[in-house]
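Single-letter residue listing:
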There are 2 protein chains.
Amino acid sequence: MEIWCEYAWLGGEAATAGVVIGVEGERIVTVRTGVAKAPEGAVVLPGYTLPGLANAHSHAFQRAFRGKTEVGRGTFWTWREEMYAAAARLDPDNYRALARATFGEMALAGVTCVGEFHYVHHAPDGTPYENPNAMGEAVIAAAREAGIRITLLDACYLHGGIGEEVAEGQRRFSDGTVERWIERVDALADGASRATGSSPAASDQATPSTGPSLSASDAATRPAGSPVSPPDLATRPTVRVGAAIHSVRAVGPAEAAAVAEWANAREVPLHAHVSEQPAENEASQAAYGRTPTELLAEAGALTERFTAIHVTHPTERDRQLLGEAGATCCFCPTTERDLADGIGPAAALRAAGARLAVGSDSQAVIDLFEECRAIELDERLARLERGNQDAATLLAAATADGHRALGWPEAGAIERGKLADLVSLSADSVRLAGIAPDTAAASIVFAATAADVTNVIVGGEFVVRDGHHVTMDVAEELRRSIADLGSAGADR
Amino acid sequence: MEIWCEYAWLGGEAATAGVVIGVEGERIVTVRTGVAKAPEGAVVLPGYTLPGLANAHSHAFQRAFRGKTEVGRGTFWTWREEMYAAAARLDPDNYRALARATFGEMALAGVTCVGEFHYVHHAPDGTPYENPNAMGEAVIAAAREAGIRITLLDACYLHGGIGEEVAEGQRRFSDGTVERWIERVDALADGASRATGSSPAASDQATPSTGPSLSASDAATRPAGSPVSPPDLATRPTVRVGAAIHSVRAVGPAEAAAVAEWANAREVPLHAHVSEQPAENEASQAAYGRTPTELLAEAGALTERFTAIHVTHPTERDRQLLGEAGATCCFCPTTERDLADGIGPAAALRAAGARLAVGSDSQAVIDLFEECRAIELDERLARLERGNQDAATLLAAATADGHRALGWPEAGAIERGKLADLVSLSADSVRLAGIAPDTAAASIVFAATAADVTNVIVGGEFVVRDGHHVTMDVAEELRRSIADLGSAGADR
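Source: prediction; values computed, not measured. (Residues numbered from 1 in each chain as written. Chains lettered and ligands numbered in written order. Predicted model: local features only at pLDDT ≥ 70, side-chain atom pairs only at ≥ 80, totals over all residues. Heavy atoms only, no water.)

Caption draft 1: How the structure looks around the interface of chain A and chain B. Each partner contributes residues to the interface: chain A has 57 residues there, and chain B has 58 residues. Carbon and sulfur atoms make up 57% of the area that chain A and chain B hide from each other, which totals about 4700 Å². Linking chain A with chain B are 10 salt bridges. Two residues, A:R380 and B:E70, come together in a salt bridge whose shortest N-O distance is 2.8 Å. Inspection of the region where chain A meets chain B yields 22 residue pairs in polar contact (both at pLDDT 80 or more). Listed by contribution, the elements that provide at least two residues to the side of chain A that touches chain B are α1 (76–87), α2 (92–108), α11 (333–338), α13 (368–383), α16 (440–447) and α17 (474–491) of chain A. Here the residues of the side of chain A that touches chain B are counted per class, giving 25 nonpolar, 13 polar and 19 charged. (Contact = heavy atoms within 4.5 Å. Buried area = accessible area lost by both parts, 1.4 Å probe. Salt bridge = Lys/Arg side-chain N within 4 Å of Asp/Glu carboxyl O. Polar contact = N/O pair within 3.5 Å; in protein donor to acceptor, adjacent residues only side chain to side chain. Helix = DSSP H or I, 4+ residues; strand = E, 2+ residues; numbered from the N terminus. Nonpolar A, V, L, I, M, F, W, Y, C, P; charged D, E, K, R; others polar.)

Given below as structure tokens:
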């Protein structure tokens, strides 16, 4: 199979004209440039084609209250109460439906791989479901049905605050002990791992013809909402499992060390919310005499596979620790704006050696172009200076570096041997009209929107074509799943 | 004519279901609510309908370098050099074409009235064109052809900095003396005023059937780029003329007083760039011992008809002066982000008594929903607190308050007697799917984008229908006009 791109971004500031991408199975096997006319039989992608986008930090269910938490005043902490109220209404069926719709919106925005930071594990009172991974498997099924890759970052969440029991709204997040978290996640990861290959090498052995799930038949033949059992994942090499330490508020130092050990032994990604709010830093200093980053470093969490989410208020020492570890810092600027978190020091983190990634987090907006430019634009507001990050670095955050943070080093670039995950943008949109190939990266970062995405390919198969999801009516699924969640709440 | 809106925003937090708007000529004559089904023969607007949006601060030509000034580092001042290079290539023909395309993009984004802060008056060496208002009239013609209302804010620009001659790139902005600015703008305003009614009362006398120009026939029958002469405006009550003091950098105190006197005598809007950058404040203090706002107050500029653009770095006294005058503060947050201006104190300005408006300014983005939410979101980043402005206030900034700042008090609300300028948003977009009528204002401010605009009506006539401009291929015009401007530059 050949794909001809009118223009493609292969890295750097410019886009390259006439790029032919040869695909076998789900891999890119050749890349030719300067091909003025589409070869006969080639799939034609007009406009500008990029590697598929990695959404490195998502809480899918929070899509349900987009635009509904903006009434009145408040803080991050009052917003969190509203978020708990929505989380309380989830069950495996409605979670799967809502996540499927949300991941469908992501696909339409060019996201081909999502990192779902997953912490709603049990029934509202904390009792495990009959299948203890019913919730995580619902989210995995949702991503498969929406046609995108997923790294399920299963979050350990044991305390309501440093040294505190979980509060009522947090009970369902907790496994009680880190040992029980390990037991549960072992089962999830072994199921997923056996079935789909948790390492690039294992994934390579999957037969190319399986490809990612485009899910139409799955969705049609399986009873709505029934969770997928691990063996069902066997032919779908689009799922990986990683770990998360929710935060130093929710996980103590010894527990964090146990989670880090689990992730390090398996060589899978490890994520944690870090210093999103000044109050977290203050609590950590008061309890431990250390910053959250220092605590995580001592727990053995900081490696190249570690991603610190937000990192809005790090100290200089924190930046050094993250940089020296070669960790990734995932910024979620539209959420950090929404929750009044503040502006993280992206330039200083990069200078220290950290990589960047981006996430849609609370789903206030699902638009990774907006997230990319917001890293730079918000830092301009903080520093009163332009050009803190160049466009190529910001696009890399949304592509290669984001995929790396999610444990997909073989995705995120248009190169021989990489996964054939691609997203194309229309040059006919009024937002991009007048774009010049030699400054294409900047035009895309600073002017494109999710609405300009026309085609999305995952593992060589179309997921979005001409602006429409190939198997889902995403807006209708969003409407229905959000309405259903509302009535689920009313029932209880 | 009747228009049935599935939902309409009539002010406040909620949207109202089933609103029937009766229109005669270009005015709303009745508003009925709770009408579940569209009356027979009514025009149907699905989704959410708002008053048309006012873009209170625009430099249309800057659309040409969207995405092209983001390479490398720099400041507001280095960006300004690139802007001058683009301005140097304008002539009445290519300016009209570029402005027409840019205003077309605005129409697609729901803008029904633009305030064009116009300062490219003369040939590049400063020589007036044969018609001294050729450039201003080109911009006016562009707005008419794109189907939107315009207030041409003709800017007085006489110095390259405080006490300095204009530099080479600034010569074409200057009339040399304020007397010559008055002479030129008198001619423009009298032409426009005679023809179109510069006051609401005069405008009322226009026959309803004329409506705004939708321009197809105009564009077809007039040679490309030939400027419109004032009599040609006679049947088009969509044009007003106001004044601008470019800044206290470019206009001295006595000159500012003369411009203010001109605007006050005619009772038209007066706008000025104010304290966008700390360096402007420093220069003003060094030269005059006063802030820019204090200087403008002493010049008699601060009235209810005054709009301060940006106001990013005001003192407490500046805020008081603007508030006590009942002035408007026009924020352009996407530009203020782009140019590393900083975050203006919107909440404190409002508390002091000022009103807010929004503008797309440099056209880095043309999306007034993004501008509205950015006022609030950027202030959250500065204050680490949510809820500084409510959604209804922000929507008012983009509608009633913005129109008032442009001298169109009879526009910007869905009320009996107001102009029938409307914009509707699709509830089928994935961004708005799940919106609830009782929190619609917040959902629209925080989640809508320009891409969600489906229908735009100006004076009772469609300008945008089902997402398409009724007379223009806007993307194609943008592409062509931007390319033409590039080659115009290469010629010289």
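Caption draft 2: Geometry of the pairing of strand β14 (residues 453–458) of chain B. Residue and element names in this part refer to chain B. The element β14 is extensively covered by neighbouring structure, given that five of its six residues are classed as buried. Inspection of the sheet shows strand β13 (residues 422–425) paired to β14 by four bridges, in the antiparallel sense. Residue pairing for β14: L422 is matched across the bridge by I457. Bridging between β14 and strand β15 (residues 461–465) involves three bridges; their strand directions are antiparallel. Residue V456 lies in a different strand from β15, and its bridge partner there is V464. Counted between consecutive antiparallel strands, the loop separating β14 from β15 contains two residues, among which G459 sits at a positive phi close to 55 degrees. (Buried < 20%, exposed > 50% of the residue type's maximum accessible area, 1.4 Å probe, protein only. Pairing = 2+ DSSP bridges.)

Caption draft 3: Quick look at the relation of the copies chain A and chain B. When chain A is fitted to chain B, the residual RMSD is 0.0 Å, and the transformation amounts to a turn of 180 degrees plus an axial shift of 0.0 Å. These values place the two chain copies in the arrangement generated by a two-fold rotation axis. For chain A, the minimum C-alpha distance to the rotation axis belongs to A:A451 and amounts to 3.2 Å. Counting the interface residues of chain A, we find that 100% of their copies in chain B are interface residues as well, pointing to one common contact surface. (Least-squares fit on C-alpha atoms with pLDDT ≥ 70 in both.)

Caption draft 4: Layout of the sheet that holds strand β12 (residues 355–358) of chain B. Residue and element names in this part refer to chain B. Within the open sheet, the eight strands sit side by side as β5-β6-β7-β8-β9-β10-β11-β12. Their pairing is parallel. Taken across any chain shown, the strands that pair with only one partner, and hence form the sheet edges, are β5 (53–58) and β12. The average angle at which neighbouring strand axes cross in this sheet is 25 degrees, direction not considered. Here four bridges tie β5 to strand β6 (residues 111–118), and the two strands are oriented parallel to one another. Within β6, the residue paired with L53 across the bridge is V111. Taken strand by strand, helix α14 (residues 391–398) contacts β5 and β12, and its axis lies near 60 degrees from that of β12. (Axes fitted to C-alpha atoms, helices over the stretch in contact; angles between N-to-C directions.)

Caption draft 5: Here's a closer look at helix α8 (residues 278–288) of chain A. All names here are of chain A. Every buried residue of α8 is listed here: E280, N281 and S284. Each buried residue of α8 lies within a common arc of 100 degrees when the element is viewed along its axis, so the set occupies one face. Exposed side of α8, more than 90 degrees from the buried face: E282 and A286 are the residues found there. Where α8 is buried, its residues touch β9 (270–274) and α9 (292–298). A positive phi of about 65 degrees marks G289, the residue just after α8. (Arc of directions from axis to C-beta.)

Caption draft 6: Structural detail: the side chain of B:T334. Residues and elements named next belong to chain B. One can find T334 in helix α11 (residues 333–338). Classification of T334 as buried rests on a relative accessible area of 6%. Of the polar contacts made by the side chain of T334, one reaches the side chain of E371; its length is 2.6 Å. In this structure, T334 is in contact with V365, E370 and E371, ignoring residues within four places of it in sequence.

Caption draft 7: Representation of the environment of B:I375 in the model. All names here are of chain B. Mapped onto the secondary structure, I375 falls in helix α13 (residues 368–383). Taking the C-alpha atoms as reference, I375 lies 9.6 Å from L356; in sequence the two are 19 residues apart. Contacts of I375, omitting those with residues within four sequence positions, involve F331, P333, A346, L356, A357, V358, Q389 and L394.

Caption draft 8: Representation of the packing of helix α14 (residues 391–398) of chain A against α16(A) in the model. Residues and elements named next belong to chain A. Between α14 and α16, whose axes approach to 8 Å, the crossing angle comes to 60 degrees. With respect to their mutual orientation, α14 and α16 come out oblique. Viewed along their axes, α14 and α16 form a crossing whose handedness is left-handed. Each of A391, A392, L394 and L395 in α14 lies in contact with α16, whose residues at this interface are A441, A442, I444, V445 and F446. (Parallel < 35°, antiparallel > 145°, perpendicular 65-115°, else oblique. Left-handed = near helix turned anticlockwise from the far one by under 90°.)

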